[in-house]
Amino acid sequence: MAENKEKSSPEPIKRGRGRPRKDSEFQTLSKDQIAQKALEIAGAEGYDALTMHRLATEFNVTPRALYNYVADRQEVINLAVSRFISINPLIEFDCNDWKRGVTEAYNATRKAYRAYPRASQMALDEKLKVEPGPFRNELMERILAFYVDIGLTLKQAVALVRALERDVLGFVMHVDYYYDRRSKDSPDYVSSLVPVQLLDAYPEVPTPLTRQSLELPQQDSDDLFEEVIELRLLAIAQMLELNRAAENPEQ
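The structure contained in this document is the topic of the report that follows.

About the criteria used
- Residues numbered from 1 in each chain as written.
- Predicted model: local features only at pLDDT ≥ 70, side-chain atom pairs only at ≥ 80, totals over all residues.
- Heavy atoms only, no water.
- Core = buried A, V, L, I, M, F, W, Y, C linked by side-chain atoms within 4.5 Å.
- Buried < 20%, exposed > 50% of the residue type's maximum accessible area, 1.4 Å probe, protein only.
- Helix = DSSP H or I, 4+ residues; strand = E, 2+ residues; numbered from the N terminus.
- Contact = heavy atoms within 4.5 Å.
- Expected span 1.5 Å × (residues − 1).
- Polar contact = N/O pair within 3.5 Å; in protein donor to acceptor, adjacent residues only side chain to side chain.
- Salt bridge = Lys/Arg side-chain N within 4 Å of Asp/Glu carboxyl O.
- Phe/Tyr/Trp six-rings, centres within 6.5 Å; stacked < 30°, edge-to-face > 60°.
- Lys NZ or Arg CZ within 6 Å of the ring centre and 35° of its normal.
- Axes fitted to C-alpha atoms, helices over the stretch in contact; angles between N-to-C directions.
- Left-handed = near helix turned anticlockwise from the far one by under 90°.
- Nonpolar A, V, L, I, M, F, W, Y, C, P; charged D, E, K, R; others polar.

## Some remarks on the nonpolar core
- Core analysis: the biggest nonpolar cluster contains 56 residues, and Leu-50, Leu-66, Tyr-147 and Ile-236 have the highest contact counts within it.
- If you list the elements that add at least two residues to this core, you get helix H1 (31-45), helix H2 (52-59), helix H3 (63-66), helix H4 (73-86), helix H5 (98-115), helix H7 (135-149), helix H8 (154-181) and helix H11 (221-247).
- Among the elements that line this core, the one with the most residues is H8, at nine residues.
- Leu-66 has contacts with Leu-29, Ile-34, Met-52, Leu-55, Ala-56, Phe-59 and Val-61, leaving out every residue within four places of it along the chain.

Structure below.
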């Protein structure tokens, strides 16, 4: 008898609950991959955007598949925060060239924050219980020791560590974040104190100095950050001078 029966379609490959399809092009995940992707999401959009569904979509797997590697969303968030903390480099400070050390610390911190600007705002998005490991302890001790060794008091050193984080985070969120995402037609909020469009919108307000400032050379975000560093270097130099004067009041 002629075989004219329709060929039945092959049975789908069976897979474990919540696991990726074995007949797909999926590559096995790792916690390291999950941590990096979680940091990228949180860094660009904030921790509210870091959901299990969103993370699974990025890896082309089901949300259940992620639970083969992490316990829950809280662990994913902790992995992202720990990853973010670990990207700050340990700088080898030279007390004989303290200005270079401060400049390197500012530039390195800016590089990390600029790459993942929203990741530094975990206190605003989530109530986190993070165990970042010993890295931040070592980082803080190293920079405090540097400031004390160049002649600052411990109180001044603590204030400058806090100032570094405020200076850089504020700059990244208020300047870099806008500068990196602006369109060509956007008003110049970077190098101009007030864009010319806003000055023209209110001609009844006299602004001769503000308009004159528009004639100064244009600056990009790197130029503006150099100003931030320069102002901080001047403040440190003044602190050191006052400390030396206090130690030698007769001179």
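## Brief notes about H11
- With 27 residues, H11 should reach 39 Å at 1.5 Å per residue; the first-to-last C-alpha distance of 40 Å fits that figure.
- Among the residues of H11, those classed as buried are Ser-221, Leu-224, Phe-225, Ile-229, Leu-233, Ile-236, Leu-240 and Asn-243.
- Here the buried face of H11 lies against H5, H7 and H8.
- Of the residues flanking the start of H11, the one acting as N-cap is Asp-220, its side-chain oxygen 3.1 Å from the backbone nitrogen of Asp-222.

## A short note on the pattern of salt bridges
- All chains considered together, the criterion is met by 18 salt bridges.
- Between Arg-136 and Glu-165 there is a salt bridge whose closest N-O contact spans 3.0 Å. On the criterion of sequence distance, the pair formed by Arg-136 in helix H7 and Glu-165 in helix H8 is long-range, its members being 29 residues apart.
- By sharing partners, the salt bridges in this structure join Lys-37, Glu-40, Glu-45, Arg-54 and Glu-58 into a single network.

## Details of the packing of aromatic side chains
- The final tally for this structure, using the stated rule, is five aromatic pairs.
- Ring geometry for Phe-84 against Tyr-113: centres 5.5 Å apart, planes inclined by 25 degrees, an arrangement best described as stacked. Note that Phe-84 is positioned in helix H4 and Tyr-113 in helix H5, a separation of 29 residues in sequence.
- Of the residues examined, Phe-84 reaches a relative accessible area of 4% and is grouped as buried.
- Residues Tyr-106 and Phe-225 carry aromatic rings whose centres are separated by 6.3 Å and whose planes lie at 50 degrees to one another, so their mutual orientation is tilted. Note that Tyr-106 is positioned in helix H5 and Phe-225 in helix H11, a separation of 119 residues in sequence.
- An aromatic cluster is defined as three or more aromatic residues linked by ring pairs; in this entry it consists of Phe-93, Phe-146 and Tyr-147.
- The ring of Phe-225 has Arg-110 lying over it, and the distance from NZ or CZ to the ring centre is 4.8 Å.
- Above the ring of Tyr-177, the side-chain terminus of Arg-181 is found at 3.9 Å from the ring centroid.

## So, the packing of H1 against H2
- Close contact between H1 and H2 brings their axes to 11 Å; oriented N to C, the two are set at 115 degrees. The two elements H1 and H2 meet at a crossing, and its hand is right-handed. Residue-level inspection shows Gln-33, Ile-34, Lys-37, Ala-38, Ile-41 and Glu-45 of H1 in contact with H2, the latter providing Arg-54, Leu-55, Glu-58 and Phe-59.
- Along the lines of polarity and charge, the residues of the contact of H1 with H2 split into five nonpolar, one polar and four charged.

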